[in-house]
Amino acid sequence: MRLRWDLFKSKLFIRYLLSYLSISLIPLIVLTSVIYNNSVTALREEIELANINQLKQSRNIMDTRMSELYDIASRITYDEQLTPYMVHDPYYAMEATNALRKYKASNSIISELFLYYHGDNGVYSSRGVTDVQTLLGQVYRFSNWSLEQFKQDINEIKQPIIRPVDQVVINGFDTSSMLVYLVPIPPNDSAQGTVMFFMEEKVFSSLMDPILKQFQGKVYIFDNEEMLIASRSHGNSDEKMDLHELAKLSEGTHNIKIGHESHSVVVVKSETNGWTYVASMPSDQFFDRVQHIKMYIWVAATLIILGGAMLAVYVAKRQYHPIHDLFQFVKKKNDLLDAEQMKGKTEFDWIKNTLSVYSDRVDIQEPYVRNQYLMTLLRRGAPNDEEADQLFEMLGLHIDGTHVFVAMIAWEEAPDQPYSVQEREYMIQMLTEVEMPERRIHIYGVELAKRDQMALIINMERDEALTLQGQMEQVIHDVHNMIRENSSLVLSIGVGSSYTTLERINQSYIEAATALEYRMIHGKGSVTFFDSISVRPEHNFWIPKDTLLKLTQSLKQGNAKVAIDTLRTMFEELKVQQVSIALLRSMSFDMINTVMRTASDLGIQDAAQYLPEISQYESLEELELKLGELSVFICNQMEKIEETEQRTLLDEVILYIDKHYAEYSLSLEQLAEEFRVSVSYLSRSIKEKTGETFSQYVWHLRMNEVIRLITTTDQPLKDIITQVGYHDAPNFIRKFKKEMGVTPGQYRKNVGMNVEDGEESDNED
């Protein structure tokens with residue numbers, strides 16, 4: 001039980017627990033939200049769809065009734081009993097009244113029906129005839145319809161119109177809300193009269209009652225000019241709607257905020273007469289129908305919370321234990337981290353920071369690995385296997401063009417320009433990777449151990465519009481111009497032949513190195529193509545000059561594979577030539593001389609022991625085998641010499657640092673300028689040699705010297721720190737304490753060195 005409670009002391013375990021609790025709660029919240037929203041949405045859609053259908057039914061009924069009124073007016077137009085002659089004739093006037101009474105009875109929403117002919121003073125109805133002034137002045141007194149407007153309307157209208165609801169006093173004492181529908185007869189520009197349908201609002205709007213049913217709300221009818229014709233209210237609805245805005249709403253369902261309450265508004269329009277029907281009701285009045293669903297959701301949520309909490313504790317405990325074990329392993333490696341800085345951090349933070357430190361170390365090594373791999377390609381050629389492709393992809397290399405070749409660059413300072421390590425470093429960085437997407441060219445720079453030289457691996461897509469040589473010349477010209485625009489260094493370039501596979505890139509590298517040697521002839525700043533020095537006379541019977549040069553350069557580079565391939569090429573040419581035995585032996589001795597002379601130039605004296613055996617051969621095959629063995633020996637010796645030279649250079653660099661670490665101006669740039677190598681190459685080499693970066697190595701030298709001085713002398717701490725090349729004393733003290741756990745003054749006291757004036761304490765403060 002104690003172990004179980006100890007878990008709660010871990011911040012990471014608490015986070016795990018909270019995370020799994022959240023995982024348990026999220027499905028609940030999502031489930032609750034989905035069920036709730038689906039239920040509410042479904043009910044809302046159901047009600048709104050029902051309202052739309054009911055509103056459409058009411059619209060259809062209203063359109064039908066209004067069409068019936070229009071049909072009645074049309075029938076009156078052509079009714080022989082209601083012609084102007086018949087209604088004016090005293091004898092037939094009673095028949096006209098009876099006819100109007102029948103028309104009125106045919107539609108239940110008509111309160112009264114009137115017939116008026118232009119120019120008459122009388123108005124005919126189902127009750128008889130009356131004059132216009134009596135009708136509007138005594139029988140029906142409208143609040144907003146004056147006698148003059150009435151006369152104008154019944155005499156001038158050309159199309160059916162409906163007047164909105166108006167308060168009417170009937171016969172002087174009864175008050176009613178009425179609508180009036182006016183239809184000209186016939187309904188055109190030659191109308192002779194007007195049929196008037198008087199309708200009570202309560203009868204007219206009762207057609208909309210089925211829409212609201214048990215809900216509170218209002219229904220409105222607007223004409224085609226957005227004027228309110230009639231409205232109907234149900235329940236205690238006190239909504240104050242903007243009728244003008246309601247009339248402009250498009251057909252469909254809308255959610256509108258009125259005050260602090262949300263309303264569902266349904267709108268349909270009539271294609272018959274252009275009227276707009278609007279039903280509005282509070283949205284929350286139907287929410288009570290989901291209360292039982294809410295109760296079910298809350299019960300389910302409570303059960304899930306309880307079960308999820310128990311499950312979260314169990315899963316968090318199971319998941320935390322592997323992290324705890326890994327954390328214990330990481331703590332053993334805490335020399336990578338500052339323990340004081342990691343206080344208050346979780347186990348995961350420790351692990352993450354440890355991985356970050358290792359990742360930084362890998363990132364530091366990646367350029368070195370990349371450069372070494374490209375160097376291996378130049379020396380050995382690309383292996384034709386899947387591992388090479390995977391390594392290419394991992395290092396971010398893209399060599400997928402149709403042709404690849406190598407260019408060697410050597411640089412020197414311009415006569416009027418001082419040596420600048422920054423300029424050379426900038427050029428190396430610039431050439432590390434160059435992409436020309438419009439030309440489909442990719443270039444990778446490779447730093448060489450040889451000072452002031454660099455190799456370029458150039459991969460290009462074949463351009464059929466140019467010759468291969470012309471395309472290569474154009475690429476080199478662009479590279480040369482790019483370097484000259486950004487650097488004042490004098491460049492010499494040697495260019496190898498182009499190949500279609502990476503397997504022969506080492507051949508191009510040797511050829512480029514061979515071509516670069518011709519700067520001795522062509523002068524500094526020249527560009528030499530290997531193919532230009534390998535032009536052979538048409539009737540040449542001797543070994544080609546370019547082949548011998550290539551053999552020499554492959555031996556100097558220590559590339560046994562290219563040397564063997566070059567020897568094979570030479571012997572194949574010897575076998576096919578029809579020459580005398582004497583001439584054949586002369587050419588064979590020329591090859592032997594080339595190999596031996598190269599070994600001598602390289603200082604490999606042991607190669608001379610092979611000469612007696614090589615001189616005795618019975619066939620070209622035997623000579624080829626013996627020269628091959630000698631070439632391998634020379635190349636192996638060159639690799640050892642190169643490694644020794646590199647080790648010697650690094651030993652000199654380390655010795656220089658050991659002597660000058662106390663100089664404040666000591667830096668990688670100064671070292672690179674001193675030894676004439678690039679900063680990046682020097683940085684990687686120091687890391688490989690010492691296992692530390694340049695800054696770390698210098699820091700430890702300075703700190704060791706400080707420890708020696710504070711434990712063996714009584715010099716003030718500030719003077720000691722300045723003496724080792726560190727001008728920022730407070731920063732040095734902080735770093736010293738971070739690494740040693742105590743300040744330099746405390747360290748001095750711990751080893752028994754007493755400083756009477758207490759200067760160290762002051763400095764450390």
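Scoring rules and cut-offs
Residues numbered from 1 in each chain as written. Predicted model: local features only at pLDDT ≥ 70, side-chain atom pairs only at ≥ 80, totals over all residues. Heavy atoms only, no water. Phe/Tyr/Trp six-rings, centres within 6.5 Å; stacked < 30°, edge-to-face > 60°. Helix = DSSP H or I, 4+ residues; strand = E, 2+ residues; numbered from the N terminus. Buried < 20%, exposed > 50% of the residue type's maximum accessible area, 1.4 Å probe, protein only. Salt bridge = Lys/Arg side-chain N within 4 Å of Asp/Glu carboxyl O. Pairing = 2+ DSSP bridges. Axes fitted to C-alpha atoms, helices over the stretch in contact; angles between N-to-C directions. Contact = heavy atoms within 4.5 Å. Parallel < 35°, antiparallel > 145°, perpendicular 65-115°, else oblique. Nonpolar A, V, L, I, M, F, W, Y, C, P; charged D, E, K, R; others polar. Expected span 1.5 Å × (residues − 1). pLDDT = per-residue confidence, 0-100.

## Describing the packing of aromatic side chains
Each aromatic ring pair is described using two quantities: the centre-to-centre distance and the angle formed by the ring planes. For the coordinates displayed, the defined rule picks out 13 aromatic pairs. A ring pair is formed by phenylalanine 114 and tyrosine 140, whose centres lie 5.9 Å apart and whose planes are at 90°; its orientation type is edge-to-face. You can see phenylalanine 114 sitting in strand E1 (residues 112–117) and its partner tyrosine 140 sitting in strand E4 (residues 140–142), a full 26 residues away along the chain. Residue tyrosine 140 is classed as buried on the basis of its relative accessible area of 5%.

## Some points on the pattern of salt bridges
A full pass over the atoms with the stated rule returns 10 salt bridges. Salt bridges here are not isolated pairs; linked through shared partners, they connect Lys104, Glu112 and Arg127.

## Comments concerning the sheet that holds E1
The antiparallel open sheet is built from 7 strands, whose spatial order is E3-E2-E1-E7-E6-E5-E4. At either end of the open sheet lies a strand with only one pairing partner, and these are strand E3 (128–131) and E4. Averaged over all pairs of adjacent strands, the angle between strand axes in this sheet comes to 35°, irrespective of strand direction. With 6 bridges joining them, E1 and strand E7 (residues 193–200) adopt antiparallel strand pairing. Paired with leucine 115 across the two strands is valine 195, which belongs to E7. Of the strands in this sheet, E1, strand E5 (161–170), strand E6 (174–185) and E7 touch helix H6 (residues 147–156), which is tilted by about 125° from E7.

## Remarks on the sheet that holds strand E17 (residues 490–495)
The strands making up a sheet associate through backbone hydrogen bonding, with each pair oriented either parallel or antiparallel. Pairing in this open sheet of 6 strands is mixed, and the strands run E14-E15-E16-E13-E17-E18 from one edge to the other. Strands at the two margins of the open sheet, each flanked by one partner only, are strand E14 (433–436) and strand E18 (527–529). Each neighbouring strand pair of the sheet contributes to a mean axis angle of 20°, computed without reference to strand direction. In this sheet, E17 lies alongside strand E13 (residues 403–412) in antiparallel orientation, the contact comprising 6 bridges. Of the residues in E17, the one forming a bridge with tryptophan 411 is leucine 491. Its contacts with the sheet put helix H15 (residues 505–516) on E13, strand E16 (453–460), E17 and E18, and the angle it makes with E13 is roughly 30°.

## Regarding the packing of H15 against helix H18 (residues 545–557)
Between H15 and H18, the shortest axis-to-axis distance is 9 Å and the interhelical angle comes to 105°. Of the possible angle classes, the one that applies to H15 and H18 is roughly perpendicular. Residue-level inspection shows Gln507, Tyr509, Ile510, Glu511, Ala513 and Thr514 of H15 in contact with H18, the latter providing Leu549, Lys550, Gln553, Ser554 and Gln557. In terms of residue class, the contact of H15 with H18 is made up of 4 nonpolar, 5 polar and 2 charged.

## Re helix H19 (residues 560–576)
The first and last C-alpha atoms of H19 sit 25 Å apart over 17 residues, in line with the 24 Å expected at 1.5 Å per residue. Considered for burial, the residues of H19 that qualify are Ala560, Val562, Ala563, Asp565, Thr566, Leu567, Met570, Phe571 and Leu574.

## Considerations on the confidence of the model for the protein
Across the protein, pLDDT averages 78, with 80% of residues at or above 70. A low-confidence stretch, residues 756–762 stays under pLDDT 50, and its non-local contacts, those more than four residues away or across chains, total 8 contacts.

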